[in-house]
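# An overview of the molecular structure
For reference, the chains in residue letters:
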Amino acid sequence: HLHLDQQRKEEGDRHYYLEAAVHIKMIQSAKLFRFLLSISAIITSCSGDSSSGGRTLSSQKTIRSILVAGSLNADTFLPISRFPSSGENLTLLPNTHPLVDVPGGKGCNQAIACAKLSSSTQQQIQEILRVAFLGQFGNDAASQILQSALTSNNVNIDLCGKSKQHPSGRGYVMIVPDSGEVSAVISPGSNFYGWSKWGVNNPTDNDQQQATALLTDDEIKQMISPHSLLQLQCEIPDLVNKRLASAANKLNIPVILDVGGEDRQMDRELLQCCDYLIPNETELERLAGHYTDENEDERQQGDDKIETTVQQAIDEIQPLIGQSLHVPTLLQHSRRLQKNGANNVLITLGSHGSLLVKKDVSSILYQPSCPLPSGSRVVDETGAGDCYRAGFAVALLQQQCGSSKDVIDDEVLLHCMKFGSAAGALAVTKKGAVPSIPTLDDVKALLSVNGETTMKCIPRGGADGDTFPFMFGSRINSMKDRLDLVSDSSPMSSPRDWLRRQATIRGLGCVDFNYPQHFHDWDAKEAKQALDEANLVAGAVCLRYPSTFARGAMNHPDPKLRREAIEITKQAAEVAKILGCNEVVVWSAYDGYDYPFQVDYKDKWNQIVEAFQECCDAYPDIKWSLEFKPTDENTRFFTIPSTGAAMLLLKDIDRDNMGLTLDMGHMLMAGENPGQSIAMVGDKLFGIQLNDGYTRLAAEDGMMFGSVHPSLALEAMYQLRQIDFKGHLYFDTFPQRSDPVEEAEYNIRRVKDFWYAAGRMSKTELERIASEHDAIGALELVNQSLREC
């Protein structure tokens, strides 16, 4: 018996049917389970507007889910003047009484915190984030209190079990009101002893591997497959965490493990399955102490780079933290855990902030603690750590927005740490773990007071559950085409209107603006507000110099105009910062010449080098990139006409924040193979613009991706995989006679087809083909891959 109320209907039928399918699977109704999954597939395929007429200019909602698996306790709080020493008895503070049966436990706290931190009362948001809890209720009256606490905060408990033999978990918390410090003793109850169906007979047994698992691995995978992120703690049996994390890892679902709970050595397989390991400084030291590294003194490849990163972090972070914590020791413990299988290690440091050591020590990030709200003080630290972890998880999932284990930019991770810090700061200002949990609006208000804004979700794959690793942008000027297809009576004459039309493109996540072309009728702040309203983000700001610079922009012969062009270029960086992006793409329609002997080539080259050096130095936090083009009706010969010339330019500019944006059409015009050019540029590829064309002389067709050169499109996607490209994908196409919205959606589908086809190509066969220069073998492999597109 399934009941679809209107709210769930509005939030997305597909997700609800998947949830129902999981629940039915748990009672072994396999036929109905398969039937509901088929309904889900039908709903997915029919969810779009298939009408050929106008489109409604509205944004779609994205639905994702966090699954929190862990403990839940009925806590008793004991207010005391100080913690007792060994053998000492204390009485409660005068005129105080124990606070009994307060909902708590790390799992319960974090589930409720995730729910409260992911919904806003101020506006209808496009991002719907559901929270489910997996735990074991006890056989006593406290279980009803705990169930009510979860469900009243919109946490789904359908996956939970109930122990017939064991009572609920209990926490006995001593709290010093003057300082807010707490210390607790935990009676695990059903949190430890209620997992018999998971193969846990007795969590204190040393040989858990011999326990009989009643739930199969496939059933556990089906249980968690509808969810987008898994959050674990150490207050339930290690075997349960290990099975859940292993299943999530196979499904490419990110896993966060809170080290807090029982002091125990973790299985290396569990460490390897967790994307983020989160201890506090005490837990870090204790956990690292369980492992030894026999080869700790032996040098390995890459150690010099790691040592440099570590030393820079020590030099920068230690003065910020002060001398109460020893940063080298924190990093040493983190590295030991990573050498034993851990990936990213995020250390919470209380009032000193938090420290993230990324996998392979690619970078070390420090986020200071968030100041308390004005007039507030520390009252109770009980749930602060849980709120931090929940805030980090919510922010992380919102930034991934459908992709699973993407490489996350440092800027985004710092935002997630900042969001978690704000949630933790608010939690210490009230008593009780659950009562102190802040709402999303509370966190936004605190960040706003401290001069910060919450980052918007960056949709990357389009449909809910899509694991495609990039967000898409499309040429905003193309929204001026085929206005006869727009059903609205509203005007379609300005960037604001074009943006509104772009928001109807399914799967689109970002907008690249032209500067100053798109900022005559509004300013950057107004554009940012329009992006927020459309549930989009800015991808990059692209230079489009006005016709004043027809004789050149950065290398104009008039020094005054050359200086003006450079200043306009730097203004674009300011606009990018206001819009919330960090990329500026420079394409000048005019930096070049038409006839032999018209310019001094070396002089023009040096002017461009010096101009970019100035911009890079003025805005080191901006990723600057040059978009080359070989020829154009405005400039027959560009100063930078090819990928090879652009790479030489980067060498002369010699700045870390300077790279290239490659346009497929421009590479084809230059007689290049785009895949080869992408491979040559490597990690200096900051942007990619996708299109296709017939490559007639000086013609830029702006055709749909892969429509003319499918084999080159396939190899371009393959090479983007090889270089671990980290930017967004932008469609620089000219629909003109086609519906620009449908054209963009077609491009998104085709890029995904080529991307996944490239990922399925046999590495062994590719290596054989390359080693033998086997042309026939290469064509056969390409044909096979294209048939799968």
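Small disclaimer: the values here were computed from a predicted structure and weren't measured. (Residues numbered from 1 in each chain as written. Predicted model: local features only at pLDDT ≥ 70, side-chain atom pairs only at ≥ 80, totals over all residues. Heavy atoms only, no water.)

What the protein chain contains, in helices and strands, is 26 helices and 25 strands. For the protein chain, the residues scored as buried account for 55% of the 789 residues in total. Here the analysis covers contacts within the protein chain between residues at least 6 apart in sequence; of these, 73% occur between residues at least 24 apart. Of the accessible surface of the protein chain, which amounts to about 35000 Å², a share of 48% is contributed by carbon and sulfur atoms. (Helix = DSSP H or I, 4+ residues; strand = E, 2+ residues; numbered from the N terminus. Buried < 20%, exposed > 50% of the residue type's maximum accessible area, 1.4 Å probe, protein only. Contact = heavy atoms within 4.5 Å. Areas by Shrake-Rupley, 256 points an atom, 1.4 Å probe, with all protein chains shown as cover.)

Relative to the helices and strands, S421 resides in helix α14 (residues 410-427). Between the C-alpha atom of S421 and that of T348, which follows or precedes it by 73 residues, the distance is 9.1 Å.

Below, the discussion takes up the pairing of strand β11 (residues 255-261). Buried residues dominate β11, accounting for six of its seven residues. In this sheet, β11 lies alongside strand β10 (residues 229-234) in parallel orientation, the contact comprising four bridges. Following the sheet pairing, L230 is matched in β11 by V255. Note that β11 and strand β12 (residues 276-278) share three bridges and pair parallel. Residue pairing in the sheet places I256 in a bridge with Y276 of β12. (Pairing = 2+ DSSP bridges.)

Under the defined criterion, the tally for this structure stands at six cavities of 30 Å³ or more. In this structure, the largest cavity spans a volume of roughly 130 Å³. Considering the residues around the largest cavity, the lining is formed by 14 residues, among which S588, D591, I608, L626 and I640 are closest to the centre. The residue makeup of the lining of the largest cavity, split by class, is nine nonpolar, two polar and three charged. (1 Å grid on protein atoms, 1.4 Å probe; cavity = no way out; pocket = protein on both sides within 12 Å on 5 of 7 lines; lining within 4 Å. Points joined across faces, edges and corners; volume = space filled by probe spheres on them. Nonpolar A, V, L, I, M, F, W, Y, C, P; charged D, E, K, R; others polar.)

Moving on, we come to the nonpolar core. F513, W624 and L729 are the most contacted members of the largest nonpolar core, which has 96 residues in total. Considering each element in turn, this core owes the most residues, nine residues, to helix α18 (residues 559-579). Ignoring anything within four residues of it in the chain, the contact list for W624 reads T569, K570, A573, V584, V586, C615, C616, Y619, N657, M658, G659 and F686. (Core = buried A, V, L, I, M, F, W, Y, C linked by side-chain atoms within 4.5 Å.)

Here we take up the confidence of the model for the protein chain. Low-pLDDT stretches of the model should not have their predicted coordinates read in fine detail. The pLDDT averaged across the protein chain works out to 84; a share of 84% of its residues lies at or above 70. In this model residues 1-61 is a low-confidence stretch, pLDDT under 50, and it forms 93 contacts with partners more than four residues away in sequence or in other chains. Every residue in residues 203-212 scores below 50 in pLDDT, and together they form 13 contacts with partners more than four places removed in sequence or on other chains. (pLDDT = per-residue confidence, 0-100.)

In an α-helix, one turn spans 3.6 residues, which is why side chains three or four residues apart end up on the same side. Turning to helix α17 (residues 524-534), its buried residues are A524, A527, A530, L531 and A534. Mapping the buried residues of α17 onto a view down its axis gives an arc of 115 degrees, with all of them on the same face. In α17, the exposed residues that point more than 90 degrees away from the buried face are K525 and E533. For α17, the secondary structure elements touched by its buried residues are α16 (495-502), β17 (508-515), β18 (537-543) and α18. Two to three positions downstream of the cap, the backbone nitrogen of K525 sits 3.2 Å from a side-chain oxygen, assigning the N-cap of α17 to D523. Residue N535 follows α17 closely and has a positive phi angle near 60 degrees. (Arc of directions from axis to C-beta. Polar contact = N/O pair within 3.5 Å; in protein donor to acceptor, adjacent residues only side chain to side chain.)

Hydrogen bonds along the backbone pair up the strands of a sheet, which may run parallel or antiparallel. Taken together, the eight strands give a closed barrel; going around it, the order is β16-β17-β18-β19-β21-β23-β24-β25, and neighbouring strands pair in parallel fashion. On average, each strand axis in the sheet is tilted by 30 degrees relative to the strand beside it, whichever way the strands run. Where strand β16 (residues 472-474) and β17 come together, two bridges link them in parallel fashion. Across the sheet, the residue bridging to F472 is L508, located in β17. The strands that helix α19 (residues 601-618) touches are β19 (583-586), β21 (623-626) and β23 (658-663); relative to β21, the one it contacts most, it runs at about 160 degrees. On the sheet, helix α22 (residues 674-681) packs against β23 and β24 (685-690) and is oriented at approximately 170 degrees with respect to β23. (Axes fitted to C-alpha atoms, helices over the stretch in contact; angles between N-to-C directions.)

Right, let's talk about the packing of aromatic side chains for a bit. Scanning all chains against the criterion turns up 15 aromatic pairs. An aromatic cluster of three or more residues is present, and its members are F513, Y515, F519 and W522. Between the NZ or CZ atom of K623 and the centre of the ring of F686, over which it lies, the distance is 4.8 Å. The residue whose ring lies beneath R721 is W755, and the NZ or CZ to ring-centre distance is 4.1 Å. (Phe/Tyr/Trp six-rings, centres within 6.5 Å; stacked < 30°, edge-to-face > 60°. Lys NZ or Arg CZ within 6 Å of the ring centre and 35° of its normal.)

Before going further, it helps to examine the sheet that holds strand β8 (residues 169-176). Within the open sheet, the four strands sit side by side as β3-β2-β8-β9. Their pairing is mixed. Each edge of the open sheet carries a strand with a single partner, namely β3 (99-104) and β9 (181-187). Between one strand axis and the next, the sheet turns through 30 degrees on average, direction left out of account. By the bridge criterion, four bridges tie strand β2 (residues 73-79) to β3 in an arrangement that is antiparallel. Bridging from a neighbouring strand, D75 pairs with V102 of β3. Against the sheet, helix α5 (residues 142-151) makes contact with β2, β3 and β8, and its axis sits at roughly 50 degrees relative to β3, the strand it touches most.

What follows covers the packing of α18 against α19. One can describe the packing of α18 onto α19 by two numbers: an axis separation of 10 Å at closest approach and a directional angle of 35 degrees. Read as a crossing pair, α18 and α19 show a hand that is right-handed. Along the contact surface, α18 presents R562, R563, I566, E567, T569 and K570, while α19 presents Q607, A611, E614, C615 and A618. Of the residues belonging to the contact of α18 with α19, the class tally is four nonpolar, two polar and five charged. (Left-handed = near helix turned anticlockwise from the far one by under 90°.)

Moving on: the pattern of salt bridges. Within the structure shown, the criterion is met by 24 salt bridges. Ionic pairing is found between E88 and R82, a salt bridge with its closest N-O pair at 2.5 Å. Classification of E88 by relative accessible area gives partly exposed; the value is 25%. Residue class for R82 comes out partly exposed when judged on its relative accessible area of 42%. K106 is the partner of D386 in a salt bridge, and the nearest nitrogen-oxygen pair spans 3.3 Å. Taken together, the residues D386 in helix α13 (residues 384-400) and K106 in helix α4 (residues 106-116) connect sequence positions 280 residues apart. Take D386: its relative accessible area is 4%, and that puts it in the buried class. For K106, a relative accessible area of 17% translates into the label buried. Via salt bridges that share partners, K106, D258, D386 and R389 belong to a single interconnected network. (Salt bridge = Lys/Arg side-chain N within 4 Å of Asp/Glu carboxyl O.)

Another aspect to go through is the layout of surface pockets. Of the volumes computed, that of the second largest pocket is approximately 1600 Å³. Lining the second largest pocket we find 50 residues, and of these V182, N280, E381, T382 and G385 sit closest to its centre. Sorting the residues of the lining of the second largest pocket by element identifies β2, α4, β8, β9, β11, α10 (281-288), α13 and α14 as the ones contributing at least two each. The residue makeup of the lining of the second largest pocket, split by class, is 17 nonpolar, 21 polar and 12 charged.

So, about the state of the cysteines. Inspection of every chain in the model, using the stated rule, returns zero disulfides. You can see C234 has no disulfide; the closest cysteine sulfur is in C274, sitting 8.5 Å from it. (Disulfide = S-S within 2.5 Å.)

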